[in-house]
Amino acid sequence: MSANIYWRPDTQARNNFDVGAPSDFIDSIREAFGELPVKLNSKDVPTLKGMASVKSLWRNDNPYKEIIETIEKVGEIEIWAEW
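Residues numbered from 1 in each chain as written. Predicted model: local features only at pLDDT ≥ 70, side-chain atom pairs only at ≥ 80, totals over all residues. Heavy atoms only, no water.

Student: Can you help me understand the environment of Lys 49 in this one?
Tutor: Within the fold, Lys 49 resides in helix α2 (residues 45–52). Here Lys 49 falls in the partly exposed class, since its relative accessible area comes to 49%. Residues Lys 49 and Lys 65, 16 residues apart in the sequence, show an inter-C-alpha distance of 7.2 Å. (Helix = DSSP H or I, 4+ residues; strand = E, 2+ residues; numbered from the N terminus. Buried < 20%, exposed > 50% of the residue type's maximum accessible area, 1.4 Å probe, protein only.)

In structure tokens form, the structure reads like this:
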């Protein structure tokens, strides 16, 4: 079953990341940051940069790079999945 991965700043409507392998993405986020939903901010960027450097799963788009860019634009975000 596929899942959609969403994010939002605390005060705005949800947006989604285009994640090609949602189950793998969810597992990696859980391992790095705990159970979803999870709030991420600038202190989490070094971990996300390490995760972004693994390219075997992310041939074209890299969701971790998108998360880093989003945090740099809006600050803290919340990430969750919906099935």
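There's plenty left to go through after this.
Student: It is not clear to me how the pairing of strand β1 (residues 4–8) should be interpreted in this structure. Could you clarify?
Tutor: In regular strands, side chains alternate between the two faces of the sheet. As defined by bridge partners, β1 adjoins strand β4 (residues 77–82) across 5 bridges and the pair is classed as antiparallel. Bridged to Ile 5 within β4 is Ala 81. Direction of pairing for β1 relative to strand β2 (residues 15–17): antiparallel, over a ladder of 3 bridges. If you follow Tyr 6 over to β2, its bridge partner there is Asn 16. (Pairing = 2+ DSSP bridges.)

Student: Looking at this model, I keep getting lost on the pattern of salt bridges. Mind explaining?
Tutor: For the structure shown, the criterion picks out 3 salt bridges. Ionic pairing is found between Arg 30 and Asp 27, a salt bridge with its closest N-O pair at 4.0 Å. With Arg 30 and Asp 27 both in helix α1 (residues 22–33), this residue pair falls 3 residues apart, about one helical turn. A relative accessible area of 33% means that Arg 30 is categorised as partly exposed. Of the charged contacts, one joins Glu 35 and Arg 30 as a salt bridge, the two residues approaching to 3.2 Å between their closest N and O atoms. Salt bridges sharing partners connect three or more residues here, namely Asp 27, Arg 30 and Glu 35. (Salt bridge = Lys/Arg side-chain N within 4 Å of Asp/Glu carboxyl O.)

Student: Honestly, helix α3 (residues 63–74) in this entry has me stumped. Any pointers?
Tutor: Every α-helical turn comprises 3.6 residues, leaving residues that sit three or four positions apart pointing alike. The terminal C-alpha atoms of α3 lie 16 Å apart, and with 12 residues this matches the ideal 16 Å at 1.5 Å per residue to within 8%. Taken together, the buried positions of α3 are Pro 63, Tyr 64, Ile 67, Ile 68, Thr 70 and Ile 71. Seen along its axis, α3 keeps its buried residues to an arc of 165 degrees; they face one direction. Across α3 from its buried face, at more than 90 degrees, point the exposed residues Glu 72 and Lys 73. (Expected span 1.5 Å × (residues − 1). Arc of directions from axis to C-beta.)

Student: Whenever I open this one, the sheet that holds β1 confuses me. Can you help?
Tutor: Hydrogen bonds along the backbone pair up the strands of a sheet, which may run parallel or antiparallel. The strand order across the open sheet formed by 4 strands is β2-β1-β4-β3, and the pairing between neighbours is antiparallel. With one partner strand each, in any of the chains shown, β2 and β3 (38–40) form the two edges of the open sheet. Each neighbouring strand pair of the sheet contributes to a mean axis angle of 35 degrees, computed without reference to strand direction. The pairing of β3 with β4 spans 3 bridges and is classified as antiparallel. Across the sheet, the residue bridging to Leu 40 is Ile 77, located in β4. (Axes fitted to C-alpha atoms, helices over the stretch in contact; angles between N-to-C directions.)

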